[in-house]
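Below, each chain spelled out in residue letters.
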Amino acid sequence: MKKLLFQSDDYGISDAVSDGIIKGIKEGIIRNTGLFVNMPSSKRAAEMIRDIKGINVGIDINLVAGRPVTDPKLIPHLVDETGHFISSTRRMKEGNVLRHDGLKVIFEEDPYVYEETLLETENQVKRFIELMGRKPDYFHGHSLMTDNTLKASFEISKKYDILNTINVMTSKNIKMVPCDWTPKPFLITEQMCTDVTDKFLNSLKSVLNHEIGYFICHCGYVDADLLKETTYTLIRTRDLECALSDEVKTFLKENEIELITYDDLREVL
């Protein structure tokens, strides 16, 4: 492997996560990150990253945390009684899951009503443009994907001419670096003792015979706002530790692996 796309999701979900990702960009190997546009910390996050060169900032379409960009009255099936998005955990508990099909979860009845999902997806892209002053560098779904969320993602990414990461994940020319250490549920005690750096290096070694590797993680620090939105918490500090690791940087240098962005993949796709 000569090229690696290293991506850290959930930028803007909270101040602490944003601060961690910025550190991982400036001092580590993060070259791609997706912005949450619907959170209280989104504006601050956009302001911090807007002028940083050499990275790609995409959009993480978020339908499971915080409040929507759209008026909740227009998307009643996406929100709870308080106007917040229904969490993925609740979706999985209350929905009749038939099977998992690759990246998708197949429900007996898709909980994401297509017209509402399409509306919120487009409004999040519009909000990104407002916050960043330009289109996203890439389009990425967050947490839970169904037939309707994927259909909406492809329609809006095509409409705005934004590279959809599904095309990267399914490309024969790109190899996903295995990540088998993030179970659901992921207990705090397990998150605390997971050595992401060691596991990442072992996974990277297993795909060195491929030309292009692709790895997604969730770097960041932890604050109270994050704890309100997700159970995926302390592992973010381990992911950041990996992104900053001298051992990882040395491995990349010794194996002549170049860190790339989505911009570098357009010809490949």
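Computed from a predicted structure; not experimentally measured.

Draft legend 1. A look at the environment of Phe154. Within the secondary structure, Phe154 sits in helix α5 (residues 147-159). Taking the C-alpha atoms as reference points, Phe154 and Ile166, 12 residues apart in sequence, are found 8.9 Å from one another. Once residues within four sequence positions are removed from consideration, Phe154 is found in contact with Asn164, Ile166 and Asn167.

Draft legend 2. Broad picture of the environment of Ile257. By secondary structure assignment, the location of Ile257 is in the loop between α11 (246-254) and β9 (258-260). By relative accessible area, Ile257 is classed as buried at 8%.

Draft legend 3. Fine view of the pairing of strand β2 (residues 32-35). The alternating pattern of β2 places Asn32 and Gly34 and Thr33 and Leu35 on opposite faces, both of which are buried. As paired strands, strand β1 (residues 3-11) and β2 are joined by three bridges and run parallel to one another. Looking across to β2, one finds that Gln7 is bridged to Asn32. Where β2 meets strand β3 (residues 56-61), four bridges bridge the pair, whose relative direction is parallel. Bridge pairing links Gly34 to Gly58 in β3. Chirality of the crossover, the property in question, places the unit of β2, helix α2 (residues 42-49) and β3 among those that are right-handed.

Draft legend 4. Spotlight on the packing of aromatic side chains. Counted by the stated rule, this structure contains seven aromatic pairs. Measuring from centroid to centroid gives 5.7 Å for Phe6 and Phe200, while their planes differ by 85 degrees, and the two rings are edge-to-face. Of this pair, Phe6 sits in strand β1 while Phe200 sits in helix α8 (residues 196-206); the two residues are 194 residues apart in sequence, bridging distant segments of the chain. Phe200 shares its class with Phe6; the two are buried. Ring pairing ties together the aromatic residues Phe6, Trp181, Phe200 and Phe215, which thus form one cluster. Above the face of the Tyr112 ring, Arg91 is positioned so that its terminal group lies 4.6 Å from the ring centre.

Draft legend 5. How the structure looks around helix α1 (residues 15-27). The end-to-end C-alpha separation of α1 is 18 Å, in line with the 18 Å expected for 13 residues at 1.5 Å each. Of the positions making up α1, those classed as buried are Ala16, Val17, Ser18, Gly20, Ile21, Ile22, Gly24 and Ile25. In this fold, the buried residues of α1 make contact with β1, β2, α2, α9 (224-229) and α10 (235-244).

The rules behind the values
- Residues numbered from 1 in each chain as written.
- Predicted model: local features only at pLDDT ≥ 70, side-chain atom pairs only at ≥ 80, totals over all residues.
- Heavy atoms only, no water.
- Helix = DSSP H or I, 4+ residues; strand = E, 2+ residues; numbered from the N terminus.
- Contact = heavy atoms within 4.5 Å.
- Buried < 20%, exposed > 50% of the residue type's maximum accessible area, 1.4 Å probe, protein only.
- Pairing = 2+ DSSP bridges.
- Right-handed = clockwise from strand over helix to strand, strands pointing away.
- Phe/Tyr/Trp six-rings, centres within 6.5 Å; stacked < 30°, edge-to-face > 60°.
- Lys NZ or Arg CZ within 6 Å of the ring centre and 35° of its normal.
- Expected span 1.5 Å × (residues − 1).

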